[in-house]
Amino acid sequence: MTTSSGWAPVEDSIDGILSRYSRPLMALARGETPALVLRRRYNPEHCAALMARFEERGLLYDPHKTGDRTPHRVDIGTSFGRFRSDRDAFFADATRTRQLFATLFEGYDDPVDTMYDTLSRLAPDKEVKVAREPDGGLYGPAIFRIYHDGLGHGPHFDSVAKRTRAFDYAISRLHYQFAAVLCLQTSGDTGESGEAFIHNCPWTPDLQRTLAAGSFADYARENDLERVHIGLEPGDLYFFFSENIHEVPTVVGNRPRAVLAIFFAMSPDDDEIFVWS
């Protein structure tokens, strides 16, 4: 696989990104750049403090040492993918998440507000809001994801309409889906442990069999696909088009990778951007 020197992330301030792209999100969707990276967008000292608070409150546990000791991602927040098959459970859990977040960040900058504010400034012609159903049901606003040793994501794409096919939820009406990730803590490994890679390869129906068979690495090598590595430090925030194939290599070591993540979707002719977790 190739890391391209031409297809590269844009690392800049919000004003710098807007001076380069009048509509940065559409630049991502069109494949003009794999990611928009804002370094130290959130206070790194607050990242460490929040990780300590999560541990103090019993939210940051090691699944290797608790329960049935089966490794799994630790979520602080509501996962749409986990709850979507049960609407009542999903919206009830989203309510609990909003209640938790109302006090979880006291004394520190609110990292969820940081992400929403940044997105609003990158899309000044849109109204950014927590995703909601016509009956008023609110989704989870964001989710902390903690990956312990042995956990990661193989090559995949994310799209409520094209992958999950959750047409019974309002977010499926929006055309383009994106994601944003704020780093709170990196893995202790010095290699690629827990670091994201984005391939210059938007999903198509023809790719589904390759992804399902777990043979995307061979496909990428045979087709000389470009890919980029998104290396982050605590406080760094990046945005990308989640319909591009992307992956997170398995975490190695005793220090977990921890991020705050959102999905969001928009259509060019719609005034709203819906955000969820």
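Residues numbered from 1 in each chain as written. Predicted model: local features only at pLDDT ≥ 70, side-chain atom pairs only at ≥ 80, totals over all residues. Heavy atoms only, no water.

Peer 1: Lay out unusual backbone geometry in plain terms, naming residues and giving numbers.
Peer 2: Residue R40 is not a glycine yet carries a positive backbone phi of 50°. Among the secondary structure elements, R40 is positioned in the loop between β2 (36–38) and α3 (44–56). A residue is classified by how much of its surface remains accessible, and R40, at 62% relative accessible area, is exposed. Even without a glycine there, the phi angle at R165 is positive, about 55°. As for its placement among the helices and strands, R165 is situated in the loop between α7 (160–164) and β7 (176–185). (Helix = DSSP H or I, 4+ residues; strand = E, 2+ residues; numbered from the N terminus. Buried < 20%, exposed > 50% of the residue type's maximum accessible area, 1.4 Å probe, protein only.)

Peer 1: Help me get a handle on the packing of aromatic side chains, residues and values and all.
Peer 2: A complete count under the given rule lists 21 aromatic pairs for this structure. Centre to centre, the rings of F54 and F144 are 4.9 Å apart; their planes meet at 65°, and the pair counts as edge-to-face. With F54 in helix α3 and F144 in strand β5 (residues 143–147), this residue pair connects regions lying 90 residues apart in the sequence. We classify F54 as buried; its relative accessible area is 1%. Looking at F144, the relative accessible area reads 1%, which means it is buried. Ring plane angle 85° and centroid distance 5.7 Å describe the contact between F91 and Y139, whose orientation is recorded as edge-to-face. With F91 in helix α5 (residues 87–104) and Y139 in the loop between β4 (127–130) and β5, this residue pair connects regions lying 48 residues apart in the sequence. Like F91, the residue Y139 is buried in the burial classification. Members of the aromatic cluster, joined through ring pairs, are F80, F90, F91, Y139 and Y169. (Phe/Tyr/Trp six-rings, centres within 6.5 Å; stacked < 30°, edge-to-face > 60°.)

Peer 1: Explain the pairing of strand β13 (residues 272–276) to me, and be specific about the residues and the numbers.
Peer 2: Burial analysis of β13 places four of its five residues in the buried class, the great majority of the element. Both β4 and β13 contribute to a ladder of four bridges, which runs parallel. Its bridge partner being in β13, E127 is matched across the sheet by E272. Pairing of strand β12 (residues 257–266) with β13, which is carried by three bridges, proceeds in the antiparallel orientation. Pairing of A265 across the sheet is with F274, part of β13. The hairpin turn running from β12 into β13, its antiparallel successor, is five residues long. (Pairing = 2+ DSSP bridges.)

Peer 1: Pulling in residues and values, what's your account of the state of the cysteines?
Peer 2: Going through the model one piece at a time under the given rule, you end up with zero disulfides. In this structure C47 is not part of a disulfide, and its nearest cysteine sulfur, from C183, lies 6.8 Å away. (Disulfide = S-S within 2.5 Å.)

Peer 1: Which residues make up the sheet that holds strand β8 (residues 196–202), and what values do they have?
Peer 2: Spatially, the four strands line up as an open sheet ordered β6-β11-β8-β9, and their pairing is antiparallel. Both outer strands of the open sheet, β6 (153–156) and β9 (227–230), are each paired with one neighbouring strand and no more. The mean angle between the axes of side-by-side strands here comes to 20°, regardless of whether they run parallel or antiparallel. As judged from the two bridges shared by β6 and strand β11 (residues 244–248), these two strands associate in the antiparallel manner. Paired with H153 across the strands is V248, a residue of β11. (Axes fitted to C-alpha atoms, helices over the stretch in contact; angles between N-to-C directions.)

Peer 1: An account of the nonpolar core is requested, with residue identities and associated values reported.
Peer 2: As a rule of thumb, nonpolar side chains are buried together in soluble globular proteins. Counting residues in hydrophobic clusters, the biggest one holds 48 residues, and the most contacted among them are F144, L184, F239 and F264. Once residues lying within four places of it in the same chain are set aside, the contact partners of L184 are C47, L50, M51, F54, F144, P234, A258, V259 and L260. (Core = buried A, V, L, I, M, F, W, Y, C linked by side-chain atoms within 4.5 Å. Contact = heavy atoms within 4.5 Å.)

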